[in-house]
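# Survey of secondary and tertiary structure
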Amino acid sequence: MMRILLRYAVLTAVVLFVVGCTGATIKPAPISQAMFKLSTGQYPEFSDDTSIESLKDAIKRNLKYLDALKADYVFRYGDDSYTAREIRDSLVYFMSILDASRGDSQMLNKTIREEFTVYEAAGADGLGKVYYTGYYVPVLYGSRTKGGRYIYPLYALPKDLVKADGGRVVPYYTHEEIYKGALAGRGLELLWVDSRVDLFFLQVQGSGTIRFEDGSEVNVTYAGSNGHPYRPAGKILVDENKIPLPQMSLVAIKKYLAGHPEDVDRVLFSNPSYVFFRESRESAIGSTGVSLVDGRAIATDKKIFPQGALVYVSTKKSEFAEEEGVTGQSALTRFVLNQDTGGAIIGPGRADFFWGRGRTAELQAGYMKYNGTLYFIVKKRK
């Protein structure tokens, strides 16, 4: 994963701890089989469940990505190809119809049917079934110096990491070795935080915000990894029947570790991968190199789906009470931009929804494990 929010793996809590626990192997589909063009009569009924202004903001940021490409750069939509210029013009036109429709869903749908081509992701079953998980930007409490409760370091990228042919990092110290002091005394400590478990999840997400006691904040993002494969920490808890698979989530793991401190080492060290950080001006940078808007971006397999595309998500979101967990679901129907990717987001049947930052985003991402459909939208050629 390139310059991205979840650079070493856009592995959300659910992907890592639920999908990862199944041990399933997913093979990428050929590009031509990843999505199929719909006839107008097959288009879904498009509706958007949140602020259109946030969508326009996301599109404007996405245009910066497209503007940085050569105008004739080609994106594949199933069997069809579009240039970067065409995708850019399509997005600009879509913004104009958002303004013209003024929230009139009927008018928006009519224009999409007349003016846009819609492709549906084939899904894992070839029939459009897409499995959605969520990711977020964690906020941790920290300090620039070690002391008091701030005793867990975020490390900068060591200079003695070695890359082999193909750019892969030669396996370096493991997570356990680094935690036990393999890098201590080398001046690599970037910041210090107060929670070892939250630091682990920061590494899973790959990017986050550190909040200081005076209220100021600094963003950190992925700088590199130690070259060891990611292993889902939740798998050991499922295998040992500590957390039933249907109940597995980021929230469930945090609750379990808080109540069983004797298991923290064993569970966290089961994952040998370790992520290094750097400070960043932005808190959420996708694989397109632009900052993501909360609730307006997804991550997909960039080998088969076009980056920077306008897409329509139809799935579910959780209704929950924090102490009770999920109490129900409601529809999540939204236009978003395909602006990220990830090591666990493989094939036409996977998508990762970006919820943003903060506690609500963490809960939504942590509980999200729903099926749905995914559509790619581009202006018709005249």
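Along each chain, the written sequence defines residue order, and numbers are assigned to residues from 1. pLDDT decides what is reported in this predicted model: residues at 70 or higher carry local features, side-chain atom pairs at 80 or more are listed and counted, and totals for whole chains, interfaces and linings draw on all residues regardless. Hydrogens and water are ignored here; the side-chain numbers use all heavy atoms of the structure.

## Observations concerning the overall build of the protein chain
Basically, it comes down to this: What counts as a helix is a DSSP run of H or I of at least four residues, what counts as a strand is a run of E of at least two, and both are numbered from the N terminus. All radius of gyration figures rest on C-alpha atoms, and the globule criterion is 2.2 Å times the number of residues raised to 0.38. Accessibility here uses a 1.4 Å probe with only protein chains present; expressed as a share of the type maximum, an area under 20% marks a residue as buried, one over 50% as exposed, and anything in between as partly exposed. Whether two residues touch is decided by their heavy atoms; if any such pair falls within 4.5 Å, the residues are in contact. Only four residue types enter the charge count: Lys and Arg as positive, Asp and Glu as negative, with His and the chain ends excluded. Lysine's charge is taken at NZ, arginine's at CZ, aspartate's at CG and glutamate's at CD.
Broken down by element type, the protein chain carries eleven helices and 16 strands. For 382 residues, the compact-globule estimate of 2.2 N^0.38 gives 21 Å, and the C-alpha radius of gyration of the protein chain, at 21 Å, lies within 12% of that figure. For the C-alpha atoms alone, the extent of the protein chain along its principal axes is close to 65 × 45 × 45 Å. Going through the 382 residues of the protein chain one by one, you find that 55% of them count as buried. Here the contacts in the protein chain between residues at least 6 apart in sequence split such that 80% fall between residues at least 24 apart. In the protein chain, which carries 48 positive and 43 negative side-chain charges, the distance between the mean positions of the two groups comes to 4 Å.

## What to know about the sheet that holds strand 8 (residues 189-193)
Heads up, the rule is: Only when DSSP finds a minimum of two bridges between them are two strands counted as paired. In this analysis an axis means a line fitted to C-alpha atoms, helices contributing only their contacting stretch, and an angle means the value between N-to-C directions, from 0 to 180 degrees.
Spatial strand order, 7-8-6-9-10-11: six strands in an open sheet with mixed pairing. Each having just a single partner strand, strand 7 (152-155) and strand 11 (275-280) make up the two edges of the open sheet. Averaged over all adjacent pairs, the angle separating strand axes in this sheet is 45 degrees, with direction ignored. Sheet strands in contact with helix 7 (residues 196-205) are strand 6 (139-143), strand 7, strand 8, strand 9 (207-211), strand 10 (217-225) and strand 11, and its direction is about 20 degrees off that of strand 7.

## Quick look at the nonpolar core
To keep things clear, this is the line we draw: By nonpolar core is meant a set of buried Ala, Val, Leu, Ile, Met, Phe, Trp, Tyr and Cys residues that side-chain atoms within 4.5 Å join together.
By size, the foremost hydrophobic cluster in this structure holds 78 residues, and its most contacted members are Y77, F94, I112, F335, L374 and F376. In contact with L374, not counting residues within four places along its chain, are Y119, E120, A121, V130, Y132, I298, T300, V311, Y312 and V313. By size, the runner-up hydrophobic cluster in this structure holds 14 residues, among which are L140, L199, I210 and Y222.

## Side note on the pattern of salt bridges
What counts is decided by this rule: Here, a salt bridge means any side-chain nitrogen of Lys or Arg that lies within 4 Å of a carboxyl oxygen of Asp or Glu.
In total, this model carries 26 salt bridges according to the counting rule given. A salt bridge links R381 to E86; its shortest N-O distance comes to 2.8 Å. Here R381, found in the segment after strand 16 (369-379), pairs with E86, found in helix 4 (residues 84-101); they are 295 residues apart in sequence, far enough to count as distant. A salt bridge links E176 to K180, with the shortest nitrogen-to-oxygen separation between them at 2.6 Å. For K180, a relative accessible area of 58% translates into the label exposed. Within the structure, one salt-bridge network assembled from shared partners comprises D198, K254, R359 and E362.

## As for the confidence of the model for the protein chain
The following threshold applies: What pLDDT expresses is the predictor's confidence in each residue, scored from 0 to 100.
Per-residue pLDDT for the protein chain averages 89, and the proportion of residues at 70 or more is 91%. Low pLDDT, under 50, characterises residues 1-29; the predicted model gives this stretch 115 contacts beyond four residues in sequence or across chains.

## Quick look at the environment of E319
Inspection of the secondary structure assignment puts E319 in strand 13 (residues 310-321). When sequence neighbours within four positions are dropped, the list of residues in contact with E319 reads G325, V326, T327, G328, Q329 and S330.

## Examining helix 7
Worth spelling out the cut-off: Polar contact is defined as a pair of N or O atoms within 3.5 Å, subject to the rule that within protein one atom must be able to donate a hydrogen and the other to accept it, and that residues adjacent in sequence are counted only when both atoms are side-chain atoms.
Where burial is concerned, most of helix 7 is hidden: nine out of the ten residues are buried. Of all the residues in helix 7, the buried ones are R196, V197, L199, F200, F201, L202, Q203, V204 and Q205. The N-cap residue of helix 7 is S195: its side-chain oxygen and the backbone nitrogen of D198 are 3.0 Å apart. Positioned one or two residues after helix 7, G206 has a phi angle of 90 degrees, which is positive.

## Quick notes on the packing of helix 3 (residues 52-67) against helix 4
Put simply, the test is: In what follows, roughly perpendicular refers to angles from 65 to 115 degrees, roughly parallel to angles under 35, roughly antiparallel to angles over 145, and oblique to any angle outside these ranges. By the definition used in this description, the sense in which the near helix is turned from the far one sets the handedness, with an anticlockwise turn below a right angle giving left-handed and a clockwise turn giving right-handed. Three categories are distinguished: nonpolar for Ala, Val, Leu, Ile, Met, Phe, Trp, Tyr, Cys and Pro, charged for Asp, Glu, Lys and Arg, and polar for the others, with Gly belonging to the last.
Remark: helix 3 packs on helix 4, axes separated minimally by 10 Å, with the N-to-C direction vectors making an angle of 160 degrees. With respect to each other, helix 3 and helix 4 are oriented roughly antiparallel. The chirality of how helix 3 crosses helix 4 is left-handed. The residues of helix 4 that touch helix 3, namely those facing I52, L55, K56, I59, K60, N62, L63, L66 and D67, are A84, I87, R88, L91, V92, F94, M95, L98 and D99. Grouping the amino acids of the contact of helix 3 with helix 4 by side-chain chemistry returns twelve nonpolar, one polar and five charged.

## Quick look at the packing of aromatic side chains
Note the cut-off: Two rings from Phe, Tyr or Trp (for Trp, the six-membered ring) form a pair when their centres are within 6.5 Å of each other. A pair whose planes differ by under 30 degrees is stacked, one over 60 is edge-to-face, and the rest are tilted. A positively charged side chain is recorded as over a ring if its NZ (Lys) or CZ (Arg) lies within 6 Å of the ring centre. The angle to the ring normal must also be within 35 degrees.
The full count for this structure, using the stated rule, is 22 aromatic pairs. Their ring planes at 75 degrees and their centres at 4.8 Å tell us that F46 and Y312 sit as a pair that is edge-to-face. Within this pair, whereas F46 is found in the loop between strand 1 (35-37) and helix 3, its partner Y312 is found in strand 13, the two being separated by 266 residues in sequence. On the basis of relative accessible area, F46 is assigned to the buried category, the value being 0%. You can call Y312 buried: its relative accessible area is 1%. Ring geometry for Y172 against Y173: centres 4.9 Å apart, planes inclined by 65 degrees, an arrangement best described as edge-to-face. On the basis of relative accessibility, which here comes to 13%, the residue Y172 falls in the buried class. Each residue in the set F46, Y93, F94, F116, Y312, F335 and Y375 is aromatic and connected to the rest through ring pairs, giving one cluster. Against the face of Y179 rests R196, its NZ or CZ located 3.9 Å from the ring centre. Between the NZ or CZ atom of K379 and the centre of the ring of Y93, over which it lies, the distance is 5.0 Å.

## Observations concerning the side chain of D263
Relative to the helices and strands, D263 is located in the loop between helix 9 (250-259) and helix 10 (264-269). The class for D263 is buried, based on a relative accessible area of 9%. Looking at D263, its side chain comes within polar contact range of the side chain of Y256, at 2.5 Å. When sequence neighbours within four positions are dropped, the list of residues in contact with D263 reads K242, Y256 and L257.

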